[in-house]
Amino acid sequence: IVVLGELGGSDEYSIVEQLQQGGGKISGKPVVAWVTGTCAKWFNSAEVQFGHAGAKSGAADESAEAKNAALAAAGATVP
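Okay, so let's go over this structure. None of the values given here were measured: they were computed from a predicted structure.

Helix and strand counts for the protein stand at two helices and two strands. Starting at the N terminus and walking to the C terminus, you meet the elements of the protein as β-α-β-α. Burial statistics for the protein: of 79 residues in total, 30% are counted as buried. Long-range pairs, those at least 24 residues apart, make up 78% of the contacts in the protein between residues at least 6 apart in sequence.

As structure tokens, this is what we get:
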């Protein structure tokens, strides 16, 4: 299973929960995941839009780095 997420929001954490319940897999299948926006911290958010709706990372756990770390810790392969 391949997952591509974006910064902002918390939808990716439902995948983390599924991975934790499935021993690092979903429906017995391995997961490769990446959350885009790891470069967002280097840009002025008032000038640069990320995501289809201008997704913004409001809280630390909404950042691409935090989501990628959580996915990796739950068993996904995060390049």
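Our next topic: the environment of Gly37. Looking at where Gly37 falls in the secondary structure, it is placed in the loop between strand E2 (32-36) and helix H2 (64-74). We classify Gly37 as buried; its relative accessible area is 13%. In sequence terms Gly37 and Glu6 are 31 residues apart; their C-alpha atoms lie 6.4 Å from each other.

For the rest of this paragraph, the subject is the nonpolar core. Among the nonpolar cores identified, the biggest contains 14 residues, and Ile15, Leu19, Val31, Ala33, Leu71 and Ala76 are the most heavily contacted of them. Elements with a minimum of two residues in this core: helix H1 (12-21), E2 and H2. The residues touching Leu71, leaving out its near neighbours within four places in the chain, are Glu12, Ile15, Val16, Leu19, Ala33, Val35, Ala76 and Val78.

Following the sequence through the fold, Asn68 ends up in helix H2. What Asn68 contacts, discounting residues up to four positions off in sequence, is Trp34, Val35, Thr38 and Val78.

This next bit is on unusual backbone geometry. Non-glycine residue Ser27 carries a positive phi angle of around 55°. Within the secondary structure, Ser27 is located in the loop between H1 and E2. Accessibility expressed as a relative area gives 71% for Ser27, which makes it exposed.

Analysis parameters
Residues numbered from 1 in each chain as written. Predicted model: local features only at pLDDT ≥ 70, side-chain atom pairs only at ≥ 80, totals over all residues. Heavy atoms only, no water. Helix = DSSP H or I, 4+ residues; strand = E, 2+ residues; numbered from the N terminus. Buried < 20%, exposed > 50% of the residue type's maximum accessible area, 1.4 Å probe, protein only. Contact = heavy atoms within 4.5 Å. Core = buried A, V, L, I, M, F, W, Y, C linked by side-chain atoms within 4.5 Å.

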